[in-house]
Amino acid sequence: MIRLGTVFSGIGAIEQALLRLDMDHEIEFACDNGDVEIFVDADKELNFIKGLSYPEEKRDYTNMLYKKNSIKTNFVKLSYLSNYKIQNDLFFADVKMLDGTDFADKIDLFVGGSPCQSFSVIGAKEGFNDTRGTLFYDYVRLVKDIQPKVFIYENVYGLTRHDNGKTWAIMQRVFSELGYSYKFDILDSRNYGIPQGRRRIFVVGFKEASHCEKFKFPDPIKLNYTMQDFLEENIAEGSLQSIDGVLTKINERKGVPEERYYLSEKLKQYCLSPGTKNFMHTDAKIDLPIARALLSTMGNSHRSSVNNYVTTNGRVRALTVREVHRLMGFPDSYKIVVSKAQAYKQAGNSIVVDVLMYLVKEIAKVEGWIYGKNKKTK
C-alpha cells in the first residue's frame, strides 16, 4: 500500500496515475488553496498551528482562517474531493500553514510542483535560506519534515534557464541539503502517449541512495494518438476510459460538441488574423495533430498561436472541457463538477497523468511497488 501525500494537488494527476496503474494506495493528505489568497502572517499562524494537537484540528483552523478572510470558493478542492477520497478528509487549504511533522515517516510518495512564480524571487546567493519566502521553500520544508521515501517535484522546463541558470543552481543545492539523492530530467507529454507538446522538468528524490543509483527516467514511447482521436465527435462523452492503464475507446459512439464552443465569424476572424498589437507574429495553425501546451488561460485567451482550435463539420471551435482533460490524461470517469472557465484553468494547471504513470513505473522498479497485472502474480 503506497501512502501518498501531495501539495499543490490540483485535480489529482498523481492520484489519477495511481488509479490508472491499479496501484494500491491511500491518500494521507492533499493541499491546495485553489488560487484563493488570504493576507495573514503565515509564519506566525504556522507556529500556532504546530501547537495544536491533531491534524484535523489544524485543518479546521486553517479553513477557519480562509472563511474569515475570503468569500471566494476553492474550486480545486471541490473538483478534488469529487474524485478522490482522503484519509480523515485531510485536505488542507494552504501549503504555507501545513505542518509536515504530522506525517513524519508516514509517507511513501510525496508529490508537488510549486507554481512557476514561486521561484521568481529566489535570491542570488546559494543554499536553503535563499528559498525562504517562496512556495518552493514550503515544498522543501515539507520534504524535510515528512521524510518521504520518494519525492517528485515538477515545474516548467524553462526553470533551468531562469536568471541565467542561477535559480536552478540554488534549487539543486537545496535538494542536496535535504539529504536525498536525486535525479532530474525534462519530459515531454508527446513522448509518453499524449498528443500534446508539453515539456516539464521532473525531480525525483530517494531517501535510499542505492535506489536513486538504480533509477532511470522512462524511455520515450511511440505516439499512437493524435489530438483528433480525443475529440468528442470521434469519442462521445463517457466513451474514453482507462483499461489496464491505457486510454481506450470502449464503444463506437460519437458525440456532438456543444454549440458554446464554436467561434462566431467575428471571433474566428480575430483568432485567425495575422497579428495585432502585441501579436505581430501570430501562427494561426489549427487542427494540429499534436496539441500546443494547454494553458490555464484557455477560457479567456483567443489567439490561434496560443490556444488549440479544431474544425468540426466545417466550423472552427475551441476544445471542450472534456477534451482538454483527456489531453491531460484524465479518462471520462473523471468528474468535471466546476464551470467551463474553472475546468479549463484546472486542466491547464495540472500535470499530464500519463507522464506520471511512466515515471511511477520506473520508481516502482527500485522501490518494489507493484501495480496492475503485476499484482496478480503476487
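Residues numbered from 1 in each chain as written. Predicted model: local features only at pLDDT ≥ 70, side-chain atom pairs only at ≥ 80, totals over all residues. Heavy atoms only, no water.

Concerning the overall build of the protein
Move 1: Each helix and strand counted, the protein has eleven helices and eleven strands in total.
Move 2: Against the globule reference of 21 Å for 378 residues, the protein gives a C-alpha radius of gyration of 21 Å, in line with a compact fold.
Move 3: Counting every position in the protein, which comprises 378 residues, the buried fraction comes to 53%.
Move 4: Here the analysis covers contacts within the protein between residues at least 6 apart in sequence; of these, 72% occur between residues at least 24 apart.
Move 5: Carbon together with sulfur atoms contributes 50% to the accessible area of the protein, which is approximately 17,600 Å² in total.
Move 6: Computing the positive centroid from 53 side-chain charges and the negative centroid from 48, the protein places the two 4 Å apart. (Helix = DSSP H or I, 4+ residues; strand = E, 2+ residues; numbered from the N terminus. Rg over C-alpha atoms; globule rule 2.2 N^0.38 Å. Buried < 20%, exposed > 50% of the residue type's maximum accessible area, 1.4 Å probe, protein only. Contact = heavy atoms within 4.5 Å. Areas by Shrake-Rupley, 256 points an atom, 1.4 Å probe, with all protein chains shown as cover. Lys, Arg positive; Asp, Glu negative; His and termini not counted. Charge placed at Lys NZ, Arg CZ, Asp CG, Glu CD.)

Here we look at the environment of Ile 2
Move 1: Along the chain, Ile 2 falls in strand β1 (residues 2-6).
Move 2: Judged by relative accessible area, which is 6%, Ile 2 ranks as buried.
Move 3: Remark: the alpha-carbon pair of Ile 2 and Ile 107, spanning 105 residues in sequence, is separated by 7.9 Å.
Move 4: Excluding residues that lie within four positions of it along the chain, Ile 2 makes contacts with Met 23, Asp 24, His 25, Glu 26, Asp 108, Leu 109 and Trp 369.

As for the pattern of salt bridges
Move 1: Enumeration according to the criterion identifies 22 salt bridges in this entry.
Move 2: Across the pair Lys 96 and Asp 94 runs a salt bridge, and its minimum N-O distance is 3.3 Å.
Move 3: Among the ionic pairs, Arg 190 bridges to Asp 188, the shortest N-O distance being 3.2 Å.
Move 4: Relative accessible area serves as the criterion here: at 35%, Arg 190 is assigned to the partly exposed category. (Salt bridge = Lys/Arg side-chain N within 4 Å of Asp/Glu carboxyl O.)

Focus on helix α11 (residues 353-367)
Move 1: The first and last C-alpha atoms of α11 sit 20 Å apart over 15 residues, in line with the 21 Å expected at 1.5 Å per residue.
Move 2: Here α11 lies mainly inside the structure; twelve of its 15 residues are buried.
Move 3: Buried within α11 we find Val 353, Asp 354, Val 355, Leu 356, Met 357, Leu 359, Val 360, Glu 362, Ile 363, Ala 364, Val 366 and Glu 367.
Move 4: Lining the buried residues of α11 we find α1 (13-20), β5 (150-156), β6 (181-188), β7 (199-206), α7 (209-214) and β9 (246-249).
Move 5: Backbone geometry just after α11 places Gly 368 at a positive phi near 80°. (Expected span 1.5 Å × (residues − 1).)

As for the packing of helix α2 (residues 42-50) against helix α3 (residues 55-69)
Move 1: Where α2 contacts α3, the axes come no closer than 10 Å and their chain directions differ by 150°. Classified by the angle their axes make, α2 and α3 are roughly antiparallel. Of the two elements, α2 crosses α3, and the hand of that crossing is right-handed. Where α2 abuts α3, its residues Glu 45, Phe 48, Ile 49 and Lys 50 lie against Lys 58, Tyr 61, Thr 62 and Leu 65.
Move 2: When grouped by side-chain class, the residues that make up the contact of α2 with α3 number four nonpolar, one polar and three charged. (Axes fitted to C-alpha atoms, helices over the stretch in contact; angles between N-to-C directions. Parallel < 35°, antiparallel > 145°, perpendicular 65-115°, else oblique. Left-handed = near helix turned anticlockwise from the far one by under 90°. Nonpolar A, V, L, I, M, F, W, Y, C, P; charged D, E, K, R; others polar.)

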